[in-house]
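Each chain is listed here by its residues.
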Amino acid sequence: MSYLPNITFFLILFLSLGYFISNFIKLRRNINLGIDLDIDLSVNRKQRWANMAKIALGQSKMVRRPIVGALHVIVYVGFIIINIELLEIVIDGLIGTHRVFSGMGVFYGFLIASFEILAVLVLIAVSVFWIRRNIIKVKRFFENSMKGWPKLDADLILYFEIILMSLFLLMNTTDVAFQNMNNGNIVSGYIYPLFENYSVEALHMMERTFWWMHIIGVLLFLNYLYFSKHLHILLAFPNTFYASLENKGMMGNLKSVTKEVNLMLNDSSTDQEENFEENSNEMMKFGASDVSDLNWLQLLNAYSCTECGRCTSVCPANITGKKLSPRKIMMNTRDRLEEVSRNIDKNKGSFVNDGKKLIDDYISREELWACTSCNACVEECPISIDPLSIILDMRRYLVMEEASAPAELNNMMSNIENNGAPWPYNQMDRLNWKDESL
Amino acid sequence: MSNTLKVNTMADYIAAGKSPEILFWIGCAGSFDDRAKKITKAFVKILNSINVDFAVLGKEESCSGDPAKRAGNEFLFQMQAVSNIEILNSYDIKTIVTTCPHCFNTLKNEYPSLGGNYKVYHHTQFLKSLLNEGRLKIKGGSYKGKKITYHDPCYLGRANNEYEAPRDLIHKLEAELIEMKRCKKDGLCCGAGGAQMFKDAEKGNKEINIERTEDVKETKAEIVATGCPFCNTMLTDGAKTIEEERKISVMDISELIANAQEL
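Residues numbered from 1 in each chain as written. Chains lettered and ligands numbered in written order. Predicted model: local features only at pLDDT ≥ 70, side-chain atom pairs only at ≥ 80, totals over all residues.

Focus on the pairing of strand β2 (residues 22–25) of chain B
Residue and element names in this part refer to chain B. Put simply, the rule reads: When DSSP finds two or more bridges between a pair of strands, those strands are recorded as paired. Secondary structure elements follow DSSP: runs of H or I no shorter than four residues count as helices, runs of E no shorter than two count as strands, and numbering proceeds from the N terminus.
Looking at chain direction, β2 and strand β3 (residues 54–56) are connected through 2 bridges and run parallel. Along β3, the bridge assignment pairs Leu23 with Ala55. In the sheet, β2 pairs with strand β4 (residues 95–98) via 3 bridges, with the strands oriented parallel. Residue pairing across strands places Trp25 opposite Thr98, the latter belonging to β4.

This is the structure in structure tokens:
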């Protein structure tokens, strides 16, 4: 009988880690539905590590908005450091010890004291976040695409954090032995008087209850990640590591197009043209109409997005009332990818056409054509997500597969084709300005 | 100063058995748009005044392909790029300077993997280097003490991280540079990028160029300087629409320098 708690703890830990890992494997599978992307990791490896250290670990872009940035750093540092305590909790749970590290003496007190202080700071920061979302109602959290699950998700994360931090403090408060040690109870020591009138047995019961609720809460939260925007706490790292190191203005050249252009320009014999026809019939698709046409980094981007909306708040199209919202592009991409994932699960590992695609069913053409490609969204993203590349890949699909650009753009393009300028001027007149008086 | 501009084509240079220091890539706006042609001329006047040996492609220049690429037509872009690269390489061009940030971005970032490897400079970068080398002298002239604000073209700023060269040139004019609340990395687009220049905007509650012109207005500057023919058009239209009692004039940095030196 005495091993019941240990066994229960082991089972809970085993099941929750197992479920987490199985979802993580699914996440990997879904990201790999994206097409290949040549990233040569042998060059610039240092730069990539440096970017990850600076942007994800160092939160350099978060603090561009200083107040919320600082609050976010508190929650983030709190999250990482308090997790050291999890190690003790897991060992205690598995082998039935109580505060196995407490033998470390003063250092243990120092650790617990810092956890307690951080827990209070996290509570404050998270409360401010809740107020921003629910009382001040910061504008960028309230566009149409944020209704329903995204709003609930954001609030749930805050509630999770408030509950977990409170349980941690209460667990310490009601631990009579720990309070008597008077080593590290820098915050809980002040809460303890509220509980002084309870019997030692009652306090012990409470301590056990808080302890179990805390660890079960942590494991629930871990498993919640896959379904939530909170996934960014893990994916921000690979996302910043793999992010493009090129100038933002560089839009990669499609290799499949290069092949065809070379064929068209170099070989005019009928033989070659037939060849070219054959080649182009080989399932060549230009641009993206669905998630499987995007590359894996774009899909990783979608899973990493935490829907903060900084991108949308600086988007010139969005600021001036157009439908385009870079955040919505990322959210739609993830939603569609999840739909495809469920489809694959249901159909024993292979995707069965559901007659839907990312374009039209999730992202409208009006949104895509409103983009000025100004890179403000890319610049602003705290974890180097690139919504612009998805927009441009979808435009490629609209133009090259469907020939459905807005009429004015078709005019512009036929001008370029006919006379080498986006306007209908003769190429022979390009130097006329030299002799004109203006 | 004489009024005739000295402009030679690459073909002229080859015929004379010489090669120029730089190729000036004019771009479609600079060649055909009435407002942008003035920018082209101003830049040429500066180059002429300090005897910079430059050539243009003239009738052999064609669209860089940027608007087609941003509109999604990768075919047309690469067709343009490959034929431009063929011409540039046949003249053995090493260095290109352009007054258009869109051409600049495309030539610099997107031509190399198609076989076009050149040193590419925006004209403000090139003017800055001439200044550093002591070849170009800038005095403030009529702009001394004037309030000037600077609008960052997206394709020069965020796209290629050049924020300082244009500002350094404005400082040389002894003008008072006032920054807009959204500037440098946070600069707001004029509304023309990504092929928007060639179409009407989608439905919204405001035009982007108006939003941006209001930023300009807020600085109380008399002049908004920029380094892009498209930004120039958008802001000029914006200034006309806002119709202020106090006129905002939109000027390219090369025009400011040429005017100040009374070229």
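Comments concerning the interface of chain A and chain B
For the record, the criterion: The contact criterion used is a C-beta to C-beta distance within 7 Å, with each C-beta placed from the backbone. Three classes are used, and their members are as follows: Ala, Val, Leu, Ile, Met, Phe, Trp, Tyr, Cys and Pro are nonpolar, Asp, Glu, Lys and Arg are charged, and the others, Gly among them, are polar.
Each partner contributes residues to the interface: chain A has 56 residues there, and chain B has 60 residues. Elements supplying a minimum of two residues to the side of chain A that touches chain B: α10 (255–266), α14 (316–319), α17 (365–369), α18 (376–380), α19 (387–401) and α20 (407–419) of chain A. When the residues that make up the side of chain A that touches chain B are grouped by side-chain class, the tally is 32 nonpolar, 12 polar and 12 charged.

Describing the sheet that holds strand β7 (residues 176–177) of chain B
All names here are of chain B. Convention followed: Working convention: axes come from line fits to C-alpha atoms, limited for helices to the stretch in contact. Angles between N-to-C directions cover 0 to 180 degrees.
Across the sheet, which stays open at both edges, the 4 strands sit in the order β7-β6-β8-β9 with parallel pairing between neighbours. Unpaired on one side and paired on the other, β7 and β9 (249–252) mark the two borders of the sheet. As paired strands, strand β6 (residues 147–150) and strand β8 (residues 223–226) are joined by 3 bridges and run parallel to one another. Note that in β8 the partner of Tyr150 across the bridge is Ala225. With respect to the sheet, helix α11 (residues 253–260) is in contact with β8 and β9, its orientation differing from that of β9 by roughly 90°.

Some details on the environment of Gln47(A)
All names here are of chain A. Applied cut-off: To sort residues by burial, count the other C-beta atoms lying within 10 Å of each one's C-beta; a count of 20 or more means buried, 12 or fewer means exposed, and anything in between means partly exposed. C-beta atoms are built from the backbone.
Relative to the elements of secondary structure, Gln47 occurs in helix α2 (residues 45–57). For Gln47, a count of 10 C-beta atoms within 10 Å gives the class exposed. Sequence spacing of Gln47 and Arg430 is 383 residues, and the spatial spacing of their C-alpha atoms is 43 Å.

A look at the domain arrangement of chain A
Residues and elements named next belong to chain A. Stated formally: As used throughout, domain bounds are those supplied by an automatic or database domain assignment.
Split into domains, chain A comes out as domain 1 (4–31 + 65–242) and domain 2 (255–424). A straight line from the C-alpha centre of domain 1 to that of domain 2 covers 40 Å. Across the boundary between the two partners, domain 1 contributes 18 residues, which contact 21 residues of domain 2. Every element with two or more residues in the side of domain 1 that touches domain 2 is listed here: α1 (4–31) and α9 (232–242).

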